[in-house]
Amino acid sequence: MSGAYSASFLLSGFLGIIAGRFSDKYGPRILLTVAGLLMGIGLLLMSYINSLWQVYLVWGLVVGVGWGSCLIPVISTIPRWFEEKRGLATGIAVSGIGIGGIIWPLLAQWLISAYGWQRAFLVLGLIIFAVIIPLAQFMKHSPERTGVKAYGEAGTVIDEQSSALNGGFSFNQVIRTSRFWMLGLLHFCFLFSVHVLIVHIVPYAVRIGFSAAVAASILSVIAGSSVFGRLAIGFVSDKIGGRLAMSACLIIATLALIWLQFAKEVWMLYIFAVVFGLAWGGMVPLGTVVTAELFGLKSLGTVLGSILLIGTMGGGVGTPLAGTIFDITESYSLAFSICAALGALAIIFSVILIRYKVKGSGVQVYKF
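None of the values given here were measured: they were computed from a predicted structure.

Caption draft 1: Structural detail: empty space enclosed by the protein. Counted under the stated rule, the structure contains one cavity of 30 Å³ or more. By volume, the largest cavity amounts to about 40 Å³. Around the largest cavity, the lining residues are Cys 189, Phe 190, Ser 193, Leu 250, Ala 253, Thr 254, Leu 257, Phe 276 and Gly 343. Among the secondary structure elements, those contributing two or more residues to the lining of the largest cavity are α9 (178-207) and α11 (242-260). Looking at the lining of the largest cavity, the element that brings in the most residues is α11, giving four residues. Partitioned by chemical class, the residues of the lining of the largest cavity number six nonpolar, three polar and no charged.

Below, the structure is given as structure tokens:
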């Protein structure tokens with residue numbers, strides 16, 4: 001069953017590039033409408049499955065295509081509408097993902113307990129139809145195409161960096177730059193650790209002596225604090241810049257991973273959960289903000305989709321590797337040490353990226 005989830009996750013990563021390119025050209029409305037239709041249909045069909053291959057077909061393919069058509073168009077559209085407070089606006093938008101991650105499992109479990117899993121899928125599918133498709137009709141490509149100005153553009157002095165962001169690089173230009181690959185590898189390293197923890201923090205806590213309920217609550221704390229991190233770090237990035245904020249988040253996350261090596265008491269695990277959750281949440285809007293800082297808005301959707309695909313590969317590698325290491329060593333120590341080492345590597349990449357200064361139509365490099 002978990003293989004169907006992995007298939008859906010990987011498929012959505014590959015589709016992010018296509019969805020981003022389509023959104024850059026035509027806007028998000030069509031894609032989000034299609035995404036709502038596919039995810040709604042997928043959930044309705046899940047209520048009728050009776051064999052494993054159907055799970056792979058419906059969840060792995062139909063829902064995977066729907067999700068792959070949804071995320072990138074949303075997060076690449078927000079920056080186009082905000083000259084000021086871009087980080088905060090993106091943080092508010094992506095905080096919905098974290099809030100949904102808290103509410104939907106509880107709703108799904110209540111529906112299953114009350115009505116059974118088949119009817120639960122039917123209700124969830126209908127909710128998708130009722131929410132996503134109508135809201136998608138309000139999504140527009142950019143203020144320029146509707147004859148208005150972006151928030152903060154009127155009456156403000158546009159600095160050199162903002163002027164560059166209004167244009168930007170083509171995708172072919174972007175992939176030839178070293179900073180694109182550094183940002184992609186940064187996301188590979190970070191999402192490697194994120195997915196290792198999402199999957200393995202609960203069995204790790206159980207193994208060192210805590211109850212399943214306490215172990216599950218640690219994951220809930222990570223998810224809850226990530227919501228606050230998305231809002232807070234989005235706000236902070238407007239004050240200090242996205243790349244500096246990203247470096248700070250990576251340093252905090254790596255220190256938390258080091259702390260985890262010594263966390264044997266429940267209060268220590270909760271501290272880890274809060275700190276790592278804040279850093280993880282902050283990285284979500286920063287992925288969009290930093291990409292816009294470095295490459296502009298011209299091909300933002302396509303570039304974001306490509307970078308997140310590289311990050312998806314990190315998550316896809318990390319989870320089974322950590323499980324294999326545990327099977328061999330009967331310990332998560334080495335797996336968590338690898339996560340911390342990759343966190344340190346991501347910090348190095350982020351510091352190098354701070355050196356690039358957007359100016360005019362190109363990117364200059366700070367000299368230390």
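So much for the structure itself; the text now carries on.
Caption draft 2: Quick look at the pattern of salt bridges. Inspection of the entire model under this criterion finds two salt bridges. Asp 24 is the salt-bridge partner of Arg 80, the closest N and O atoms lying 2.6 Å from each other. In this pair, Arg 80 is assigned in the loop between α4 (71-77) and α5 (86-115) and Asp 24 in helix α1 (residues 2-26), connecting sequence segments 56 residues apart. Like Asp 24, Arg 80 is buried.

Caption draft 3: View of the confidence of the model for the protein. Put simply, the protein has an average pLDDT of 84, and 92% of its residues get 70 or more. Here residues 360-368 is a poorly scored stretch, pLDDT under 50, and it has 22 contacts once near neighbours within four places are set aside; other chains count.

Caption draft 4: Highlighting helix α14 (residues 333-354). Taking 1.5 Å per residue as the helical rise, α14 with its 22 residues ought to reach 32 Å, and the 32 Å between its terminal C-alpha atoms agrees with that figure. Within α14, burial applies to Ala 335, Phe 336, Cys 339, Ala 340, Leu 342, Gly 343, Ala 346, Ile 347, Phe 349, Ser 350 and Leu 353.

Caption draft 5: Quick look at the nonpolar core. Counting 60 residues, the largest nonpolar core has Leu 260, Phe 272 and Phe 276 as its most contacted members. It is α9 that provides the largest number of residues to this core, a total of 14 residues. Sequence-distant contacts of Phe 272, that is, excluding residues within four places in its chain, are made with Leu 197, Ile 201, Ile 222, Ala 256, Leu 257, Trp 259, Leu 260 and Gly 277. Core analysis: the second largest hydrophobic core is formed by 18 residues, Met 39, Val 58, Cys 70 and Ala 108 among them.

Caption draft 6: Fine view of helix α2 (residues 29-46). Spanning 18 residues, α2 covers 26 Å between terminal C-alpha atoms, matching the ideal 26 Å at 1.5 Å per step. Considered for burial, the residues of α2 that qualify are Leu 31, Leu 32, Thr 33, Ala 35, Gly 36, Met 39, Gly 40, Gly 42, Leu 43 and Met 46.

Caption draft 7: Quick look at the packing of aromatic side chains. Evaluation of the coordinates by the stated rule reveals eleven aromatic pairs. Aromatic pair Phe 190 and Phe 276: ring centres 6.3 Å apart, planes at 20°, arrangement stacked. Linking Phe 190 in helix α9 with Phe 276 in helix α12 (residues 266-295), this pair joins segments that are 86 residues apart in sequence. Ring centres of Tyr 332 and Phe 336 lie 5.7 Å apart, and the angle between their planes is 15°; on these two criteria the pair is classed as stacked. Assessed through its relative accessible area of 7%, Tyr 332 is described here as buried. Ring pairing ties together the aromatic residues Tyr 204, Phe 326, Tyr 332 and Phe 336, which thus form one cluster.

Caption draft 8: Highlighting the side chain of His 200. Within the element layout of this structure, His 200 appears in helix α9. His 200 has contacts with Thr 319, Ala 322, Gly 323 and Tyr 332, leaving out every residue within four places of it along the chain.

Caption draft 9: Broad picture of the packing of α11 against α14. Packing of α11 against α14 brings their axes to within 9 Å, and their N-to-C directions diverge by 165°. The angle between α11 and α14 places the two elements in the roughly antiparallel class. The element α11 and its partner α14 pack so that their crossing is left-handed. Packed against α11, whose contacting residues are Arg 243, Leu 244, Ser 247, Leu 250, Ile 251, Thr 254, Leu 257, Ile 258 and Leu 260, the element α14 presents Phe 336, Cys 339, Ala 340, Gly 343, Ala 344, Ala 346, Ile 347, Ser 350, Val 351, Leu 353 and Ile 354 at the interface. Per-class residue counts for the contact of α11 with α14 are 15 nonpolar, four polar and one charged.

Caption draft 10: Spatial organisation of a nonpolar patch on the surface. A cluster of nonpolar side chains, Ile 252, Trp 259, Trp 267, Ile 271, Val 274 and Val 275, forms an exposed patch at the surface whose accessible area comes to about 490 Å². Going through the elements one at a time, α11 and α12 are the ones with two or more residues in the nonpolar patch. Ranked by residues supplied to the nonpolar patch, first place goes to α12 with four residues. Mapped onto the secondary structure, Val 274 falls in helix α12. Given a relative accessible area of 36%, Val 274 falls into the partly exposed group.

The rules behind these values
Note that residues are indexed from 1 along each chain, following the sequence as it is written. Totals for whole chains, interfaces and linings use all residues, but because this is a predicted model, local features are given only for residues with pLDDT of at least 70 and pairs of side-chain atoms are given and counted only at 80 or more. Only heavy atoms go into the side-chain values, all of them from the structure, while hydrogens and water stay out. Here a cavity denotes a set of grid points, spaced 1 Å apart and computed over the protein atoms alone, in which a 1.4 Å probe fits but from which it cannot get out, and a pocket denotes an open set meeting protein on both sides within 12 Å along at least five of seven lines; residues with an atom within 4 Å of a point are reported as lining. Grid points are joined across faces, edges and corners, and a volume is the space filled by probe spheres set on the points. Strands are runs of DSSP state E lasting at least two residues, helices are runs of H or I lasting at least four, and both sets are numbered from the N terminus onward. Following the grouping adopted for this structure description, the nonpolar residues are Ala, Val, Leu, Ile, Met, Phe, Trp, Tyr, Cys and Pro, the charged ones are Asp, Glu, Lys and Arg, and the polar ones are all others, Gly among them. For this document, the term salt bridge refers to a Lys or Arg side-chain nitrogen within 4 Å of an Asp or Glu carboxyl oxygen. Exposure is judged per residue with a 1.4 Å probe applied to protein chains only, and the accessible area is read against the type maximum: over 50% gives exposed, under 20% gives buried, and values in between give partly exposed. Note: pLDDT gives the predictor's confidence per residue, expressed from 0 to 100. What makes two residues a contact is simply this: any of their non-hydrogen atoms within 4.5 Å. Under the convention used throughout, the expected extent of a helix is 1.5 Å for every residue step, that is, one less than its residue count. Put simply, buried Ala, Val, Leu, Ile, Met, Phe, Trp, Tyr and Cys residues joined by side-chain atoms within 4.5 Å make one nonpolar core. Working definition: rings of Phe, Tyr and Trp (its six-membered ring) pair if their centres are within 6.5 Å, and the pair is stacked with planes under 30 degrees apart, edge-to-face with planes over 60 apart, and tilted otherwise. Where helices are involved, their axes are fitted lines through C-alpha atoms of the stretch in contact, as for all axes, and angles between N-to-C directions lie from 0 to 180°. Throughout this description, any angle smaller than 35 degrees is read as roughly parallel, any larger than 145 degrees as roughly antiparallel, any in the 65 to 115 degree range as roughly perpendicular, and the remainder as oblique. Two helices crossing with the near one rotated counterclockwise from the far one by less than a right angle form a left-handed crossing, whereas a clockwise rotation gives a right-handed crossing. Each patch is assembled from residues with relative accessible area greater than 30% and no salt bridge, linking like charges that lie within 9 Å and nonpolar side chains (Val, Leu, Ile, Met, Phe, Trp, Tyr) that lie within 5 Å. All accessibility values rest on the Shrake-Rupley procedure with a 1.4 Å probe; residue burial counts only the protein chains present in the view.

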